Every structure is written in structure tokens, then in C-alpha cells.
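# Remarks on the overall topology
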Amino acid sequence: MGVFDVDYNMIQERTDFPYEVEITAHTWITMSDGVKLSAKLWQPKNIEDKTKGAVLEYLPYRKDEFTALRDEIRHKYFAGCGYTSIRVDIRGTGDSEGIIKDEYPKQEQDDALEIISWIENQAWSNGSVAMIGKSWGGFNGLQLAALQPAALKTIITLCSTDDRYADDVHYRGGTLMGSDMLWWSSTMFAYNARPPFPKFVGDKWYEMWLDRMENTPPFIEEWVSHQTRDDYWKHGSVGENYGDIKIPVLTMSGWADGYTDALFRLMNNLDVPKKGIVGPWAHEFPDTAIPGPQMGYLQEVTEWLDKWMTDKSCPDHEDAFLVYVQDSVKPATSYDYRNGKWLDLFDEKQENIDLFKNLNNEIHLKNIQQHGLYSGVFCPFGQDGDLPDDQTIDNALTSTFVLEPSTEPVNFVGQPIARLRVKSDVKEANVHVRISDVHPTGEKTLVTMGQLNLNHYNSHEYPEDLPVDEYIDAEVTLDVIGYQMPKGHQIEISVSPTYWPQIWPSKEIAGLTVDMAQSQLLVPTVNEFTEVELKHTQAETAAPLDKIIHRDGSRTRDVIKRLTTGEWVLDDFSDEGLRTLTDAHITYGTKNHNVYTVKENDPLSAKVECDWSVIVKDDDIDTEMITTSIMSCDENYYYLTNRLTAYNNGEKCFSKTWEKQILRNYS
């Protein structure tokens, strides 16, 4: 199953809507600078006067085909309930004019303000707007809420972040994300190269396409140019001032998502009516996400809209923070379902336990470059191979501490923090901390982990040399988690200077020593709690689009040792399938091949290559985009190469290569 596909076996179609729905496949929204953005509308038929409000989703992922399947089952649902639901292609993507220069630039937010103003002035509008979205759409919903347009009454933000530097695909804990920095840039590099459709933009489609390919930059060049938490990352990070958000917020994520930490911060810091839901899910909408159980996401959202899309207050609202505590499970790289129980964290008391409390020795950490290959992906979408494998091999490549078997079950609920007294024999180093559940039969399940660029131990904005052979105190935040450690299981803690490919290696092999007597690993627990239930446990959607599947999606993810060279390779191939939307006569599909290579005892050998093939065609056009993106390094620089070749009706029509070297800055 491809990332942007929808498994129709997982949806239950609702048929008894209050309103029939009419669809406008394309309309223009003109910006103040003359650039026109393309929008698709789902609206209730025969509604008296005005609709109940507008639900806006604003993305670069192309409404006509790439998100069409998921859009139809959700936006049509909102329209059936009385709302106008709108999908807008961001400037420079899909059928919208202009050029997209980066993620979340000021231009994107300025355009969104104008879109909201346009909505306010439509005859069908009651003046109320909600923004809704997952990932990119969740990010810009938060960003627009912080700008406080009067018409924006609430946001529903899924799998998003309040801090673009701390929690996203570029850097975590100040470490450069070798697993995702290039991969996500390569993804957008390929996606952004797709053409608009002549049936919506007319004969200028080809000129728009060539302009788009020539002038849309590889985003990674900007991202790697900002290796510290400077103003570039502060822009669009609502955690800079949570008080800027003054409207109700509904937020959701899952334990298998990459953005769950941010949800906890939002729930702890927003001073507005709010509700948070954390299930077992990957980076997907929780009505179709795996692992299950899924939830009635659209019913939950519609009730939230009905509550907040008027100027009337809601005195009956009570904040809630619903968290799914997962049962222990043996390791697997994919799960259909995770057993567990729900609690409301706002009603429970957390108590910290220190997993290091009985450890008193100094330990010199192993430094092995290929450590981390069994980590799973940073942000799973629910594909086969996404999740961490058995940790036995990885744990053998790092320094570990195995605690005595638990005498009682322990529920980890919240964000663990490792406070390390650590010293280094070089001026630059990273550190990674991981907790595993060791089953009585020997299997080891990854529970949570965290990483820190030690040069950032005082500041992510102003890194500094480490004092050689002198202890420092460094704090490593691990990912939030809800997990029950059963009686009789053992906890294994792993600490290492490496974690490839999630952490790009330091310039040289660092010798780290940790003083365990002066270190702590604090894990919040909730060992007795009142179990709660979700109100909507059965997912339902509107009727899906008809589609023809020409090629099913597939995934392979292999760890390879090249015995003659000492290289370790993580080879990750994803075929997201090829399908046709029968009503629109659009055929589309992608293939993505990522190779992560590192050589034993050579941190400067790290290299990532990401290749994409993207097909888009309909009755008027037949196009294919081929891209290659490469990242490597030496002691002083990162080296970036991005190549794009495009074909129109089988003939090459465009080719360009971008190359750049960027000075390393404590990364």
C-alpha cells in the first residue's frame, strides 16, 4: 500500500448524510500579487442561506491525484454534514501558479491569510473557518492560528510540530538526521517537479511546468545551511510563543508517528480549549492508520467543528488528553493491531522512576559506525518494514545495562529524560540513548529513544567545543511513550555515540565516558489509572473514489554487509504503486529507492542516495520525472547533488543538476 493510497478494506462508508454534496473540481483564488491558486470545493446541496462554516486544508501534495483518494472520503464527509470543505494547492504546486521556494515560508502563510479572506467573502460563507491537516497541513494550521485571523475559529492539527528544529525531519537533539534530511528533500524535489493539468490551467501548462522545474530549488540546500536553531527555524515554530494561539485546538498523533513529542508540548503549554488524542498509530489519519485500533476520526472532528464554528461559547467543554497505553509486544517491523488501554492523562498522576539509580560505575562507550541499522524509520507511514526490528543486534553494538526483571508491571507514560555526566576525548560528539523491553524468551523490543549533539549541551542556537576529557552535564530527551513493561521482563538501556542512519556521524570517532553514579534516566510512570473509552470507536467515511490499480505498492528494506569493503548498507525500496482515478482519467505512481552506506571505523564514509521515479498522465499529458539526490561529507563540508530529468510523451524535455558544498557547523 502506497503512502498516499487508501485501503478501501479499512473504511466503513456512511450513507445517511443530512446533505447531498456537489463538487467543484477547480476554481481560482487570486492573490494580491496576481498569482492564482487552485482550489477544489465540496459543498452541501440545497442548504438554506449559508453553510455551517468552511473547512480548509492547504497542501503542496496535489489535490487532483496524489491526495484525491484521501480527500474524497473526508472532505465529502464534512460537506455532507453541512460544511463547505476546501482543498487548496500551495503556490507552485499542483495547478497553482508561482514557485514553491521552501517549507512554510512567509509567502505560504500570507497566501493562507488571503485564502481565509476569500472564504469570508463568498456568498455561501458564514464567516467561520477551520483549518485541518496532517503533517504539512497540521504545521501550517498551527502557524495560521498563531497569526490570529479573525475568521479562523479552530484548528485540527495531526502529526505536526511546534518546533521545526527540535522535532522534524531535519534535526533532532541538534543532530543532523541522516535518515530523513536528504530523503524528505528528495521527496519534495521529485514531487515539486510534477506538471499542472491543461484541463485546469490551459495551454500554458507546459510553460508552467518548465518554469517550475527550472526555478524550484532543492530544499536541502537551505536546510543544511542552517545547522543550529537560528531564526530560520524559529519562523513557523509556534512554541516560540504558545500564547499567540488563542483558538481551540484538537490535536492527534500516534506512538508510531515521528511527531508525538510535539503533541505533549502543545497539551502542556496551550492555554486554550484543547483536546489531545494519542493512539498506537503511524503518520496517518487515525480512521485508517495502523497499528489499530482505529477511531471514528471524522465523527470526532465534526463534533469539534459543531462546537466551535460559531461565536457562541461552549461552557460544557472540558479539556481532555486521551492516551493509549500499549501492551508489551514482541518485536516486528509492522503490526496490524496493538493491544492496550486508554487513559486521560489530565486525570492521572505521573511519578518518575530513575532507571540508573543502582548503577555506580564509569563506562567507556562503544563507538561502532553501523550501530542503528535496525531502528526502523523515523516517521512511519504504516508500510511494511517501517518499525524497529528485534534490537538484539543493535544492542550488541553499543554499551548496555540490563536491569533485574520487573516484579510488578510498570506503565511508562510520558517523556523520559536522560541526564548524563559525560566526557569526550574529542571536541565534537553525539550521544544516543535507547530503552528496550527484554522478553523472558530473549527478544528485545525498542520502547523509546533519544539523541543529542553534545556540542549543543548548553544551547541549540550557540553550539560550542566540548572540553576534552572534562565531564559535562547533558540532558537527552527521549521520545514520549505509553508502554506497559510486564512483570518478569527486563529493561535494557543502550548508550552510544552513534546511531546510523538517524544520526549523521561526527567528524571523528569519539571516545565517550559516562559517570553512571552522577547520571539519571528518569521515566514517568502511571501505574494505576482509570481506564476510559473513546466516544467514537468505529471509523466511518464518505464514499470513496473509483480507482483502477495497475500495480500494487510494495516495500523492501534490507541490511547488507559488503564483506570485501567493510561497508554496511541499508537498502530501502518503496513502490507506491500505479493507479488510475477513473472519473478524472488521471494515472499516477511513484517508485523510491534509498541507499544509506557507512564503512566500519570511518565516520566520513557516510553517504545517502535517494532516487525517485514519478509518473503523471491524463487524457492530455504523459509525463515522467526522474530524480537523484546524494549527500556525503568530509571533515569540513557536506556535499549535495540533486539531478532532475523530465520526459514529455516519452521524450526528454528537461535536465538540470544542482551541486553545493556547505561548511559543517558542529554537526
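Positions within a chain are numbered from 1, following the residues in the order the chain's sequence is written. Confidence filtering applies because this is a predicted model: local features only for residues at pLDDT of at least 70, side-chain atom pairs given and counted only at 80 or more, and all residues used for totals across whole chains, interfaces and linings. Excluded from the side-chain calculation are hydrogens and water; included are all heavy atoms of the structure.

## Considerations on the overall build of the protein
Helix and strand counts for the protein come out as 11 helices and 32 strands. In this setup the radius of gyration rests on C-alpha atoms only. A globule is expected at 2.2 Å times the number of residues raised to 0.38. A compact globule built from 667 residues would reach a C-alpha radius of gyration of about 26 Å, and the protein, at 25 Å, matches this within 12%. With respect to the principal axes defined by its C-alpha atoms, the protein has extents near 75 × 60 × 45 Å. Each residue gets one of three labels from its accessible area relative to the maximum for its type: buried under 20%, exposed over 50%, partly exposed in between, using a 1.4 Å probe on protein chains only. Expressed as a percentage of the 667 residues in the protein, the buried residues total 63%. In the protein, the share of contacts with a sequence separation of at least 24, taken over all contacts with a separation of at least 6, comes to 75%. All accessible-area figures derive from a Shrake-Rupley calculation using a 1.4 Å probe, and residue coverage is judged against the displayed protein chains alone. Carbon together with sulfur atoms contributes 44% to the accessible area of the protein, which is approximately 24,200 Å² in total. Elements are defined by DSSP. Helices are runs of H or I of four residues or more, strands are runs of E of two residues or more, and each kind is numbered from the N terminus. Should any heavy atoms of two residues lie within 4.5 Å, those residues are counted as being in contact.

## Remarks on helix α4 (residues 181-191)
Of all 11 residues that make up α4, 11 are buried, and the element is covered over most of its length. Where α4 is concerned, the buried positions are Met181, Leu182, Trp183, Trp184, Ser185, Ser186, Thr187, Met188, Phe189, Ala190 and Tyr191.

## A word on the state of the cysteines
Throughout, disulfides are identified as pairs of cysteine sulfur atoms within 2.5 Å of each other. In total, this model carries zero disulfides according to the counting rule given. The closest cysteine sulfur to the non-disulfide-bonded Cys633 is located on Cys610, 15 Å from its own sulfur. Under the relative-accessibility criterion, Cys633 is labelled buried at 9%.

## With respect to the packing of helix α1 (residues 68-80) against helix α10 (residues 297-308)
Where α1 meets α10, the axes come as close as 11 Å, and the angle between the chain directions of the two elements is 35°. As for how α1 packs across α10, the hand of that crossing is right-handed. Between α1 and α10, the contacting residues are Ile73, Arg74, Tyr77 and Phe78 on the first element and Tyr297, Leu298, Gln299, Val301, Thr302 and Leu305 on the second. Grouping the constituent residues of the contact of α1 with α10 by class yields seven nonpolar, two polar and one charged. The angle between two axes is taken between their N-to-C directions and runs from 0 to 180 degrees, where each axis is a line fitted to C-alpha atoms and a helix contributes only its stretch in contact. Throughout, a crossing is termed right-handed when the near helix is turned clockwise from the far one, and left-handed when it is turned anticlockwise from it by less than a right angle. Residues are sorted three ways: Asp, Glu, Lys and Arg are charged, Ala, Val, Leu, Ile, Met, Phe, Trp, Tyr, Cys and Pro are nonpolar, and all the rest, Gly among them, are polar.

## Quick notes on the pattern of salt bridges
Once the charged atoms of two side chains with opposite charge are near each other, the side chains can pair. For salt bridges, the criterion is a side-chain nitrogen of Lys or Arg within 4 Å of an Asp or Glu carboxyl oxygen. Tallied over the full model, the rule gives 44 salt bridges. A salt bridge links Asp167 to Arg265; its shortest N-O distance comes to 2.7 Å. In this pair, Asp167 is assigned in the loop between β6 (152-158) and β7 (171-172) and Arg265 in helix α9 (residues 260-269), connecting sequence segments 98 residues apart. What emerges from the salt-bridge pattern is a single network uniting Lys63, Asp64, Asp71, Arg87, Asp89 and Asp95.

## Things to note about the environment of Asp465
With respect to the element layout, Asp465 can be found in the loop between β19 (444-453) and β20 (472-477). Distance from Asp465 to Gln143, taken between C-alpha atoms, is 34 Å for residues 322 residues apart in sequence. Here Asp465 is in contact with Lys427, Asn455 and Tyr666, once residues within four sequence places are set aside. A polar side-chain atom of Asp465 sits 2.9 Å from a polar atom in the side chain of Tyr666. Throughout this description, a polar contact denotes any pair of N or O atoms lying within 3.5 Å of each other; where both atoms belong to protein, one of them has to be capable of donating a hydrogen while the other can accept it, and for residues adjacent in sequence the pair is counted only when both atoms sit in side chains.

## Re the pairing of strand β23 (residues 512-515)
In β23, alternate side chains face the same way, and those of Leu512 and Val514 on one face and Thr513 and Asp515 on the other are all buried. Pairing geometry for strand β14 (residues 362-364) and β23, over three bridges, is antiparallel. Residue His364 lies in a different strand from β23, and its bridge partner there is Thr513. Whether two strands pair depends on DSSP finding at least two bridges between them. Of the pairings in the sheet, the one linking strand β17 (residues 417-424) to β23 comprises three bridges and is antiparallel in character. Looking at the pairing, Ser424 lines up with Leu512 of β23.

## Remarks on the sheet that holds strand β22 (residues 490-496)
With antiparallel pairing, four strands are arranged side by side in an open sheet as β15-β22-β18-β19. Each edge of the open sheet is held by one strand with a lone partner, namely β15 (399-402) and β19. When strand polarity is set aside, the average angle formed by the axes of neighbouring strands in this sheet is 15°.

## Comments concerning a negative patch on the surface
Judged by side-chain charge, Asp425, Asp469, Glu470, Glu508 and Glu635 come together as a negatively charged surface patch. Its place among the elements puts Glu508 in the loop between β22 and β23. Like charges are joined within 9 Å and nonpolar side chains (Val, Leu, Ile, Met, Phe, Trp, Tyr) within 5 Å, but only among residues with over 30% relative accessible area and no salt bridge; these make up the patches. His residues and chain termini do not enter the charge count, which takes Lys and Arg as positive and Asp and Glu as negative. Just so you know, the charge point we use is NZ for Lys, CZ for Arg, CG for Asp and CD for Glu.

## Describing the packing of aromatic side chains
Side-chain rings of Phe, Tyr and Trp, where Trp is taken by its six-membered ring, are said to pair if the distance between their centres is within 6.5 Å; with planes under 30 degrees apart they count as stacked, over 60 as edge-to-face, and otherwise as tilted. In the structure shown here, the tally under the stated rule is 33 aromatic pairs. Aromatic side chains Phe17 and Tyr77 sit 5.1 Å apart centroid to centroid with 90° between the ring planes, which places their arrangement in the edge-to-face category. Taken together, the residues Phe17 in the segment before β1 (21-30) and Tyr77 in helix α1 connect sequence positions 60 residues apart. When the ring of Tyr232 is compared with that of Trp233, the centres are 4.7 Å apart and the planes differ by 85°; the resulting orientation is edge-to-face. Classification of Trp233 by relative accessible area gives buried; the value is 0%. We call a charge positioned above a ring when the Lys NZ or Arg CZ atom is no farther than 6 Å from the ring centre and deviates by at most 35 degrees from the ring normal. A cation over a ring is seen here: Lys63 above Phe200, with NZ or CZ 5.4 Å from the ring centre. In this structure, Lys547 is placed above the aromatic ring of Tyr8, and the distance from its NZ or CZ to the ring centre is 4.3 Å.

## Some points on the environment of Asn46
Turning to its location among the elements, Asn46 is positioned in the loop between β2 (36-44) and β3 (54-59). Residue classification places Asn46 among the exposed residues on the basis of a relative accessible area of 75%. Between the C-alpha atoms of Asn46 and Pro105, which are 59 residues apart in sequence, the distance is 39 Å.

## Some details on the packing of helix α2 (residues 106-120) against helix α3 (residues 136-147)
The contact between α2 and α3 brings their axes to 10 Å, and the two run at 75°. As the angle between them shows, α2 and α3 are arranged roughly perpendicular. Within the contact between the two elements, α2 uses Glu108, Gln109, Ala112, Leu113 and Ile116 and α3 uses Trp136, Asn140, Gln143, Leu144 and Leu147. Small angles under 35 degrees read as roughly parallel and large ones over 145 as roughly antiparallel, with 65 to 115 read as roughly perpendicular and the rest as oblique.

## Some points on unusual backbone geometry
Residue Pro293 is bonded to the preceding Gly292 through a cis peptide linkage, with omega at 10°. Looking at the secondary structure, you find Pro293 in the loop between β10 (274-279) and α10. The backbone phi angle of Tyr104 is positive, close to 55°, even though this residue is not glycine. Unlike most non-glycine residues, Asn649 shows phi in positive territory, near 55°. Secondary-structure assignment places Asn649 in the loop between β31 (637-648) and β32 (651-663). Among the residues examined, Asn649 registers a relative accessible area of 54% and is labelled exposed.

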